Amino acid sequence: GGIISASIVVVAASAFEESGAVPLTGSLASVANQMKPLLGDFAGIFFYTGLLCAGVSSAITAPLAARLAVAEALGWSSESGLMSALLSSAVVTIGTILAALPFLKSVVLIIFAQVTNAIVLPLFAALLVALCSNKKLMGRFSNGCLSMILGWACVAITLALSIYKLVKLFSNL
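This is a predicted model, so every value here is computed, not measured.

Reading the values: rules and limits
- Residues numbered from 1 in each chain as written.
- Predicted model: local features only at pLDDT ≥ 70, side-chain atom pairs only at ≥ 80, totals over all residues.
- Heavy atoms only, no water.
- Helix = DSSP H or I, 4+ residues; strand = E, 2+ residues; numbered from the N terminus.
- Buried < 20%, exposed > 50% of the residue type's maximum accessible area, 1.4 Å probe, protein only.
- Areas by Shrake-Rupley, 256 points an atom, 1.4 Å probe, with all protein chains shown as cover.
- Patch = residues over 30% accessible without salt bridge, like charges linked within 9 Å, V, L, I, M, F, W, Y side chains within 5 Å.
- Salt bridge = Lys/Arg side-chain N within 4 Å of Asp/Glu carboxyl O.
- Expected span 1.5 Å × (residues − 1).
- Bend = angle between axes of the 7 residues up to and from the residue.

Here's the deal with the overall build of the protein chain
Here's step 1: A tally of regular secondary structure across the protein chain gives 8 helices and 0 strands.
Here's step 2: Counting from the amino terminus, helix and strand elements in the protein chain follow one another as α-α-α-α-α-α-α-α.
Here's step 3: Relative to its full complement of 173 residues, the protein chain shows a buried share of 19%.
Here's step 4: In the structure as shown, the protein chain presents an accessible area of about 11,600 Å², 75% of it carried by carbon and sulfur atoms.

Written out as structure tokens, the structure reads:
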């Protein structure tokens, strides 16, 4: 889902940058139309196919990831069971209800999801690099010097890109 979403964002950003438009309040159809300079008459097909593929892959992985995270946080077994099924169902149900609310525009929900990712991703990446570099915690499996340097470089790049995109997004509001 992440690669598909990133591809959609890159193509859309290129089209928006060229046209000078910022689709913060438009419909998904207007977003697809703004991609016409790059994709021609097939812009809508590519855009909606990408959204469908991203949605399907995320619909499968997000509830499972949420179930595992909540189960582990609450000390429940992360194996299949009634509580795990209820957690997965709750995640899907809440997401479906939010997406179906008539006063929430789809574009706003997508931008909210991307902003949330931009804020959370660098934090979790830093936590992951720090934990994997901890010799006490990881023992002989901890990051070596090169892995640690590359990991922190990835965190720095991710943080810089997130800050840049958030500043750019909020300066256009």
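Let us keep going from here.
Observations concerning a nonpolar patch on the surface
Here's step 1: Together, Ile-119, Leu-123, Phe-124, Leu-127, Leu-131, Leu-137, Met-138 and Phe-141 make up an exposed nonpolar region whose accessible area comes to about 810 Å².
Here's step 2: Mapped onto the nonpolar patch, the elements with two or more residues apiece are α6 (106–133) and α7 (135–138).
Here's step 3: With 5 residues, the top contributor of residues to the nonpolar patch is α6.
Here's step 4: Tracing the backbone shows Leu-127 in helix α6.

Notes on α6
Here's step 1: Counted at 1.5 Å a residue, the expected span for α6 with its 28 residues is 40 Å, and the 40 Å between its end C-alpha atoms agrees.
Here's step 2: Along α6, the sharpest kink reaches roughly 30 degrees, centred on Val-120 and followed within four residues by the proline Pro-122.
Here's step 3: Within α6, the full set of buried residues consists of Val-107, Val-115, Ala-118, Pro-122, Val-129 and Ser-133.

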